[in-house]
Amino acid sequence: DAKTTDSIVGSLVESGDRVVLVMPQDASAPKGRLILPQVQTLRELLDRHCTPICCQPEELEHTLAGLTELPKLVITDSQVFGYVAERVPEGVALTSFSVLLACNKGDREAFMQGARVIDSLTERSRVLIAEACSHAPQTEDIGRVKLPRMLRQRVGEGLQVDVVGGADFPADLTPYDLVIHCGACMFTRSHVLSRLARAQSACVPMTNYGFAIAHLQGILGRVSLP
């Protein structure tokens, strides 16, 4: 899986394109600042001479209606993927910050296949959610609250979900049926690929937040990849 560019948005945009960034600023967002994937993506869009337009989910329809022409791309926080997909016209490319980072730092084909494994999970299955950050959990934290809830709504309340953060990645992954990793904005590509290799050597599929949430919400086929 050779990497030829450090680009986050890749071929999804060109100079002069308008790009809408949907960034919820809820209780789980850090006070007074943007999270790193949003900052990195915004900076790249500016460097690529695109025109970024930022809004929160509830302003999306108003934002799109106020444009003289549709944007080339909409990038959203994964946790509102379904909400945003319902409001973005079919002809507009749609992706998420987490999906972009997954493609930038990992193996998108492996993550795509891993997301589809969700369909085969049962209440006897065990899932590992791995976060690169070791931050204190916020209200409605995506990795510790929202994603486990979405998985159990699909699979059943008996599904076992373990959450680890930072360097706390289990040496033995064989007890798990699926690993779901965050966007890993704090990790290098080689670190993410080393974790993927460990999962593959244990015959455990691995995916990422963005791919998993898109699949859970039935829009994985709609998502554009860089």
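One structure accompanies this document, and this report is about it. (Residues numbered from 1 in each chain as written. Predicted model: local features only at pLDDT ≥ 70, side-chain atom pairs only at ≥ 80, totals over all residues. Heavy atoms only, no water.)

What about the packing of aromatic side chains?
- Here the structure, examined in full by the defined rule, presents one aromatic pair.
- With 6.4 Å between their ring centres and 55° between their planes, Phe-111 and Phe-211 make a pair best called tilted. Here Phe-211 lies in helix H8 (residues 209-216) and Phe-111 lies in helix H5 (residues 108-116), a separation of 100 residues in the sequence. Across this residue pair, the class does not change: Phe-111 and Phe-211 are buried.
- The aromatic ring of Tyr-83 is capped on one face by Arg-87, whose charged end is 3.6 Å from the ring centroid. (Phe/Tyr/Trp six-rings, centres within 6.5 Å; stacked < 30°, edge-to-face > 60°. Helix = DSSP H or I, 4+ residues; strand = E, 2+ residues; numbered from the N terminus. Buried < 20%, exposed > 50% of the residue type's maximum accessible area, 1.4 Å probe, protein only. Lys NZ or Arg CZ within 6 Å of the ring centre and 35° of its normal.)

Points about the sheet that holds strand S2 (residues 51-55)
- Ordered in space as S2-S1-S3-S4, the four strands form an open sheet in which the pairing is parallel. The open sheet has two edge strands with one neighbour each: S2 and strand S4 (93-96). Sheet twist, expressed as the mean angle between neighbouring strand axes with direction ignored, is 20°.
- The pairing of strand S1 (residues 18-22) with S2 spans five bridges and is parallel. (Pairing = 2+ DSSP bridges. Axes fitted to C-alpha atoms, helices over the stretch in contact; angles between N-to-C directions.)

Observations concerning the sheet that holds strand S7 (residues 178-181)
- A sheet is described by the order of its strands in space; here four strands give the open sequence S6-S5-S7-S8, paired in parallel fashion. Across the chains shown, the open sheet's two edge strands, defined by having one partner strand only, are strand S6 (160-165) and strand S8 (206-208). Each strand of the sheet is rotated relative to its neighbour by a mean of 25°, with strand direction disregarded.
- Bridge analysis of S7 against S8 gives three bridges, and the strand direction is parallel. The residue bridging His-181 from the neighbouring strand is Asn-208, located in S8.
- Set on the sheet, H5 makes contact with S7 and S8; between it and S8 the angle comes to about 95°.
- Contacts from H8 reach strand S5 (126-131), S7 and S8 within the one sheet, and its direction differs from that of S8 by about 85°. (Contact = heavy atoms within 4.5 Å.)

Observations regarding the environment of Gln-217
- Tracing the sequence through the fold places Gln-217 in the segment after H8.
- Through-space distance from the C-alpha of Gln-217 to that of Glu-61 is 20 Å; in sequence the pair is 156 residues apart.
- Excluding residues within four positions of it along the chain, Gln-217 makes contact with Gln-79, Phe-81, Gly-82 and Met-150.
- At a separation of 2.4 Å, a polar atom in the side chain of Gln-217 contacts the main-chain amide nitrogen of Gly-82. (Polar contact = N/O pair within 3.5 Å; in protein donor to acceptor, adjacent residues only side chain to side chain.)

Digging into the environment of Asp-17
- With respect to the helices and strands, Asp-17 occurs in the segment before S1.
- Put simply, Asp-17 and Cys-50 are 33 residues apart on the chain and 4.9 Å apart in space, counted from C-alpha to C-alpha.
- The residues contacting Asp-17, other than those within four sequence positions of it, are Cys-50, Thr-51 and Lys-72.
- From its side chain, Asp-17 meets the backbone nitrogen of Glu-14 in a polar contact 2.6 Å long.

Fair warning: the whole summary comes from geometry, so function is off the table for now.
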